[in-house]
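If you want the building blocks of each chain, they are given just below.
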Amino acid sequence: MQQWKTVLWCLVFVTVLSCQSEDKKVIVCWGDSLTAPHNGRGVLGRLKGKVLGTDYPGYLEDMLGSRYEVVNAGVGGENTLTIMARQGAYPMKLAHDVVVAPEGSTAIGDSDSAAFVSSYNGAVVSPLQQYTWKPEGPSQINPCRIGNRPFLLSSVVQSGKACKYFLTLDDKQPTADTLRAGSVVTTYAMNNLRGKYANVFFIGQNGGFSDVADLIRQLRAMIAYSRSNRYLVISFHKTNHVITTIPRMREMEDSLAQCFGKHYVNLRGYMVTNGLNDAGFAPTQADRDSVAKGVVPPQLLADDCHFTTTGYNLIAKLVFERMKELGYVTE
């Protein structure tokens, strides 16, 4: 009898251990400040976080439950080229030769001298414009590799969006190193977030593309690099310096829908048509005026671009429901 009890306990132990070690399905959310947590530097940043509300990936993870993990890879201020560089579809490269000191940090760029350029088109890439106060952050850059050595990349914002960058060797070798212009920066994400279960690409509000065809090329490159055929594309909701009018936004949205089909979520269209109703808000006159123009109702916005807590919750629900529709998520 004692022998059977021992066997039974062994089976229970193995079953529990198996359940504990079962990998969660990881969903990576790529984007800018519309994806990132709104908790910038210092007291003012934390206050901004309370005003603007949380991030949609956080809400999404709550909706998905314990079998899923959601990685927030959103960094405020970034354009599509910089997001691609972090993700790996088109990595960033050193803009010039750098002699790295064996100890301490080496400055590699400032407002007058670009540190990185895109392997997509040679344009300047500017990572870590925000969250410089929080080394781990959501950037998914560190630790990175350049050549055969590991580095930590950090930055200090000098004025506006201009950054001064620093490289710190992350190994024990007490030797200097010369990094050549054109050397690829291999980010943490390129080594650790590729091939995950699914990805959400919510990019473009800050530009980085020349036209809609270029945006689609970049999105396709990111999807291909991710090595996952489970993905969603969310279009930005506000006109910018590339897509300058609502009619042009509608053209962009039609092109994205034609290209990505059910994998595409028209955020502006949803917020204008159904956002207030799904939030349970009675429209104000300002809301009616915005809807008539095809603009997101102000009750759902915390400022001229970012959403309220309610707005981010709606985005998370949109993503969740579309993932269920595509079969990525089961009840």
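See above for the structure.
Residues numbered from 1 in each chain as written. Predicted model: local features only at pLDDT ≥ 70, side-chain atom pairs only at ≥ 80, totals over all residues. Heavy atoms only, no water.

Undergrad: How would you summarise helix α8 (residues 267-279) if you had to cite specific residues and measurements?
TA: Taking 1.5 Å per residue, 13 residues should reach 18 Å; α8 reaches only 14 Å between its end C-alpha atoms and comes up short. Where α8 bends most, the angle comes to about 55°, and this point is T273. Buried within α8 are the following residues: L267, R268, G269, Y270, M271, V272, G275 and L276. Considering only its buried residues, α8 is in contact with β13 (198-202), β14 (231-234), α7 (246-260), β15 (264-265), α9 (285-293) and α10 (309-326). The backbone nitrogen of R268 has a side-chain oxygen 3.5 Å away, supplied by the residue at the start of α8, namely N266. (Helix = DSSP H or I, 4+ residues; strand = E, 2+ residues; numbered from the N terminus. Expected span 1.5 Å × (residues − 1). Bend = angle between axes of the 7 residues up to and from the residue. Buried < 20%, exposed > 50% of the residue type's maximum accessible area, 1.4 Å probe, protein only. Contact = heavy atoms within 4.5 Å. Polar contact = N/O pair within 3.5 Å; in protein donor to acceptor, adjacent residues only side chain to side chain.)

Undergrad: Would you mind going over the sheet that holds strand β3 (residues 92-94) in detail, with residue names and values included?
TA: What the three strands build is an open sheet, ordered β3-β6-β7; its pairing is antiparallel. Among the strands making up the open sheet, the edge pair consists of β3 and β7 (124-125). As defined by bridge partners, strand β6 (residues 116-118) adjoins β7 across two bridges and the pair is classed as antiparallel. In the sheet register, V117 faces β7, and the bridge partner there is V124. (Pairing = 2+ DSSP bridges.)

Undergrad: Please give an account of the pairing of β14 that cites residues and values.
TA: Burial of the side chains of β14 extends over both faces: Y231 and V233 are buried on one face and L232 and I234 on the other. Across three bridges, the pairing between β13 and β14 is parallel. Looking across to β14, one finds that V200 is bridged to L232. Both β14 and β15 contribute to a ladder of two bridges, which runs parallel. Following the sheet pairing, V233 is matched in β15 by Y264. What joins β14 to β15 is α7, and the crossover it makes is right-handed. (Right-handed = clockwise from strand over helix to strand, strands pointing away.)

Undergrad: Provide a residue-level description of α7, including the pertinent values.
TA: Here α7 is 15 residues long and its end C-alpha atoms lie 21 Å apart, about the 21 Å a rise of 1.5 Å per residue gives. What α7 keeps buried is the set I246, M249, M252, E253, L256 and F260. Within α7, the buried residues cover an arc of 110° as seen down the axis, which keeps them to one side. Residues of α7 that are exposed and point over 90 degrees away from its buried face: E251, D254 and Q258. Considering only its buried residues, α7 is in contact with α6 (212-226), β14, β15, α8 and α9. Directly beyond the C-terminal end of α7, a positive phi value near 55° is found at G261. (Arc of directions from axis to C-beta.)

Undergrad: Before we move on, could you go through unusual backbone geometry and cite the residues and values that matter?
TA: Here the amide bond leading from N142 into P143 is cis, since omega sits at -10°, within 30 degrees of zero. If you trace the backbone, P143 turns up in the loop between β7 and β8 (144-146). Unlike most non-glycine residues, L128 shows phi in positive territory, near 55°. Counting through the fold element by element, L128 comes out in the loop between β7 and β8.

Undergrad: Give me the lowdown on the packing of aromatic side chains, citing residues and values where you can.
TA: The final tally for this structure, using the stated rule, is seven aromatic pairs. Ring centres of F116 and Y165 lie 5.3 Å apart, and the angle between their planes is 75°; this geometry places the pair in the edge-to-face category. Pair noted here: F116 is in strand β6 and Y165 is in strand β10 (residues 162-169), with a separation of 49 residues, a long-range link. For the pair F116 and Y165, a shared accessibility class is recorded, and that class is buried. We note R194 situated over the ring of Y225; from NZ or CZ to the ring centre the distance is 3.7 Å. (Phe/Tyr/Trp six-rings, centres within 6.5 Å; stacked < 30°, edge-to-face > 60°. Lys NZ or Arg CZ within 6 Å of the ring centre and 35° of its normal.)

Undergrad: Tell me about the packing of α8 against α10, residues and numbers included.
TA: Orientation of α8 relative to α10, taken along the N-to-C sense of each, is 110°, at an axis distance of 11 Å. What the angle tells us is that α8 and α10 run roughly perpendicular. Both α8 and α10 take part in a crossing whose hand is right-handed. Note on element contacts: α10 touches α8 through T310, G311, L314, I315 and L318, opposite L267, Y270, M271, G275, D278 and A279. The residue inventory of the contact of α8 with α10, partitioned by class, reads seven nonpolar, three polar and one charged. (Axes fitted to C-alpha atoms, helices over the stretch in contact; angles between N-to-C directions. Parallel < 35°, antiparallel > 145°, perpendicular 65-115°, else oblique. Left-handed = near helix turned anticlockwise from the far one by under 90°. Nonpolar A, V, L, I, M, F, W, Y, C, P; charged D, E, K, R; others polar.)

Worth remembering: the numbers are spatial, not functional.
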